[in-house]
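Analysis of the macromolecular model
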Amino acid sequence: MTARDKYLPTIGIETHVQLKTKTKLFSAVGNDARAAEPNSLISHIDVGLPGALPVLNRAAIELSARAALALNTAPQKFSRFERKHYFYPDLPKGYQITQLEDSIIKGGYVDVPLAGELKRVNIERANLEEDAGKNTHPAGADYSLVDLNRAGTPLLEIVSKPDMHSPAEAKAYARELWLIMKYAGVTEGDLYQGQVRFDVNVSVSNDPGKLGTRSEIKNLNSFRSVENAVNYEIKRQIELLEKGEVVVQETRGWDDAKQKSISQRSKEEAQDYRYMPEPDIPPIELDDDFTETIEENLPLLPPAIRKILGQMGLELNVIEDILDSPQACQKVVLAAGTGAPKENIRRLAFDSLEEPASTVVDLEEHLKLVELWRSKTVSSTAAKEILKAKIANPAKTIEELAAGKSQVSGEAEIEKIVDEVLAENQKAAEDVKRGEAKAIGFLVGQVMAKSKGQANPQVAQAIIKKQLGIKE
């Protein structure tokens, strides 16, 4: 037994999800700062000038309600804001408007696919709050820079219960939550730009009935970083305990280049922030009609999509690849809804994954191409060429692009080509007779080359075997 086997890790994750609103949570300033110059998207409200009064963005409430339903619960009928006080250069007001006691979401769960099974991770709560700005620290400089474009951006802080016990579970939960929030239309989900960020809380204990002292690693923005940070922190804490030392409750940062966590500050408790009711924003009260309207317009979410694609006979790894590409996923799910044959859906799925992200081939046109391939009118090679041509020339129809690429399937035509190939490749023909599998693939390839990709490869292979006296 190793030292690690003696300890049970426990992991909870706080996920900050930037809501997909046009403007900020309390001001009429643009919410997407990805291409903006520093400090160009700010107002008197965002920087907390005297007399500035916040006005709540209704769209943020609607998206929070959508998130609640996607998390298998309902938004709270009553919620309210509070002020969380702390001093930091990117928080000019000296406090953050957030929620604590009466959050807009309480409860819910995420069923996480992991190794062919489902791992349920329960949700403690989700708070609607404003984001702070961003500090940057130029290398070698004796100063820092503050960009307040992000100040006031609407966030949903989704707090899981400590239901995870391995780095793999933490990574899988982070990805599944990200997928759910994207497919629910709650967030754009740009991880690189920090639109979804993960804070992981990790503790280890050699007593299954008792939690250890936790440390928090903040602002992780990739699933791999979540997995690596949890793995490192488990190892670090076990090494401390094995040496008889104490794990300190603290906030740590993650150095992705060095693959290690770094102590930043001691971990504050709720009382340290001096929470108080927010006096300038009235409580939020939602009725049943509001929630029902949101629920009626909720799109298909990953669990339902997996079920649909699974019924189409797609492999688990292919389904996950499709889910990572919402454009491809929408097309395949729509096609499944038309009642198209399963084989068409499979071909469409693979072809859609090959399309550039900036391209959308019309579903009806794409299904025409799939049908041409399924009916063996064109070969799979020709179908891929037609798809690429369609992407390059969106105005052209599939019929126009397929002209001249019809697959040769008549035995008489293919027999002539096979005769030529066997005459030119007698050594390969002898290798086939001796049972070398690769050789017949080579001969079929030669037939395809001579026919310019238009011969039916299955028919060609059958004729080659017949000509060489090989029984099926």
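As a reminder, the structure under discussion sits directly above these lines.
Structural notes, computed from the coordinates. These numbers were taken from a predicted model, which means no experiment stands behind them. (Residues numbered from 1 in each chain as written. Predicted model: local features only at pLDDT ≥ 70, side-chain atom pairs only at ≥ 80, totals over all residues. Heavy atoms only, no water.)

1. Focus: a negative patch on the surface
Our working definition: Nonpolar side chains (Val, Leu, Ile, Met, Phe, Trp, Tyr) are joined into patches within 5 Å and like charges within 9 Å, using only residues with over 30% relative accessible area and no salt bridge. Only the protein chains shown count as cover for residues, and the accessible areas themselves come from Shrake-Rupley with a 1.4 Å probe. The salt bridge definition used is simple: a Lys or Arg side-chain nitrogen within 4 Å of an Asp or Glu carboxyl oxygen. Neither His nor the chain termini are counted; the positive set is Lys and Arg, and the negative set is Asp and Glu. Taken as the charge location is NZ of Lys, CZ of Arg, CG of Asp or CD of Glu. Each helix corresponds to a stretch of at least 4 residues labelled H or I by DSSP, and each strand to a stretch of at least 2 residues labelled E; elements are numbered beginning at the N terminus. When a residue's accessible area, from a 1.4 Å probe over protein chains only, is under 20% of the maximum for its type it is buried; when over 50% it is exposed; and in between it is partly exposed.
Taken together, the side chains of Asp287, Asp289, Glu292, Glu295 and Glu296 present a region of like negative charge at the surface. Looking at the element boundaries, Glu292 is found in helix α4 (residues 288-296). Assessed through its relative accessible area of 41%, Glu292 is described here as partly exposed.

2. Re the nonpolar core
Here is a general trend for soluble globular proteins: nonpolar side chains tend to be buried in one another's company. To keep it simple, the criterion reads: Working definition of a nonpolar core: buried Ala, Val, Leu, Ile, Met, Phe, Trp, Tyr and Cys residues. They are joined through side-chain atoms within 4.5 Å. The contact criterion used is simple: two residues touch if any of their non-hydrogen atoms lie within 4.5 Å.
Ile13, Leu128, Leu156, Ile158, Tyr173, Met181 and Phe198 are the most contacted members of the largest nonpolar core, which totals 83 residues. In this structure Met181 touches Val17, Ala67, Ala70, Leu71, Ile158, Val186 and Thr187, once residues within four positions along its chain are discounted. Judged by nonpolar contacts, the second largest core, of 19 residues, contains Ile414, Val421, Val444 and Leu468.

3. Brief notes about unusual backbone geometry
Phi at Asn39 takes a positive value of approximately 60°, unusual for a residue other than glycine. With respect to the helices, strands and loops of the structure, Asn39 is situated in the loop between β1 (8-18) and α1 (58-70). Taking relative accessible area as the criterion, Asn39 reaches 33% and is therefore assigned partly exposed. For Ala115, which is not glycine, the phi dihedral falls at a positive 55°.

4. Things to note about the sheet that holds strand β15 (residues 276-277)
To keep things clear, this is the line we draw: When DSSP finds two or more bridges between two strands, those strands count as paired.
If you walk across this open sheet you meet the three strands as β4-β3-β15, and the pairing is antiparallel. The sheet is open, and its two edges are formed by β4 (95-98) and β15, each paired on a single side. Relative to β15, strand β3 (residues 82-85) runs antiparallel, the two sharing two bridges. Paired with Arg83 across the two strands is Met276, which belongs to β15.

5. Overview of the side chain of Arg306
Summarising the element assignment, Arg306 is placed in helix α5 (residues 302-311). Residues contacting Arg306, with those up to four places away along its chain left out, are Pro113, Arg175, Glu176, Leu179, Ile319, Glu320 and Leu323.

6. Examining the environment of Val248
Along the chain, Val248 turns up in the loop between α3 (223-242) and β13 (250-255). Separated by 18 residues in the primary sequence, Val248 and Ser266 place their C-alpha atoms 8.0 Å from one another. For Val248, the residues in contact, after removing those within four places along its chain, are Thr213, Arg214 and Ser215.

7. A short note on the environment of Pro138
Of note, Pro138 is situated in the loop between β8 (134-136) and β9 (145-147). For Pro138, a relative accessible area of 27% gives the class partly exposed. The residues contacting Pro138, other than those within four sequence positions of it, are Tyr143, Ser144 and Leu145.

8. Remarks on α4
Condition: Note that the arc is computed from the directions linking the helix axis to the C-beta atoms.
Of the positions making up α4, those classed as buried are Phe290, Thr291 and Ile294. Relative to the axis of α4, the buried residues are bounded by an arc of 95° and lie together on one face. In α4, the exposed positions that point more than 90 degrees away from the buried face belong to Asp289 and Glu296. In this fold, the buried residues of α4 make contact with α1.

9. Some thoughts on the pattern of salt bridges
Counted under the stated rule, the structure contains 26 salt bridges. Asp288 is paired through a salt bridge with Lys77; the nearest N and O atoms lie 3.1 Å apart. With Asp288 in helix α4 and Lys77 in the loop between α1 and β2 (78-79), the pair connects residues that are 211 residues apart, well separated along the chain. A residue is classified by how much of its surface remains accessible, and Asp288, at 41% relative accessible area, is partly exposed. With a shortest N-O distance of 2.6 Å, Glu250 and Arg252 are connected by a salt bridge. For the pair formed by Glu250 and Arg252, the shared burial category is buried. Three or more residues joined by partner-sharing salt bridges are found here, namely Arg175, Glu176, Arg306, Glu320 and Asp324.

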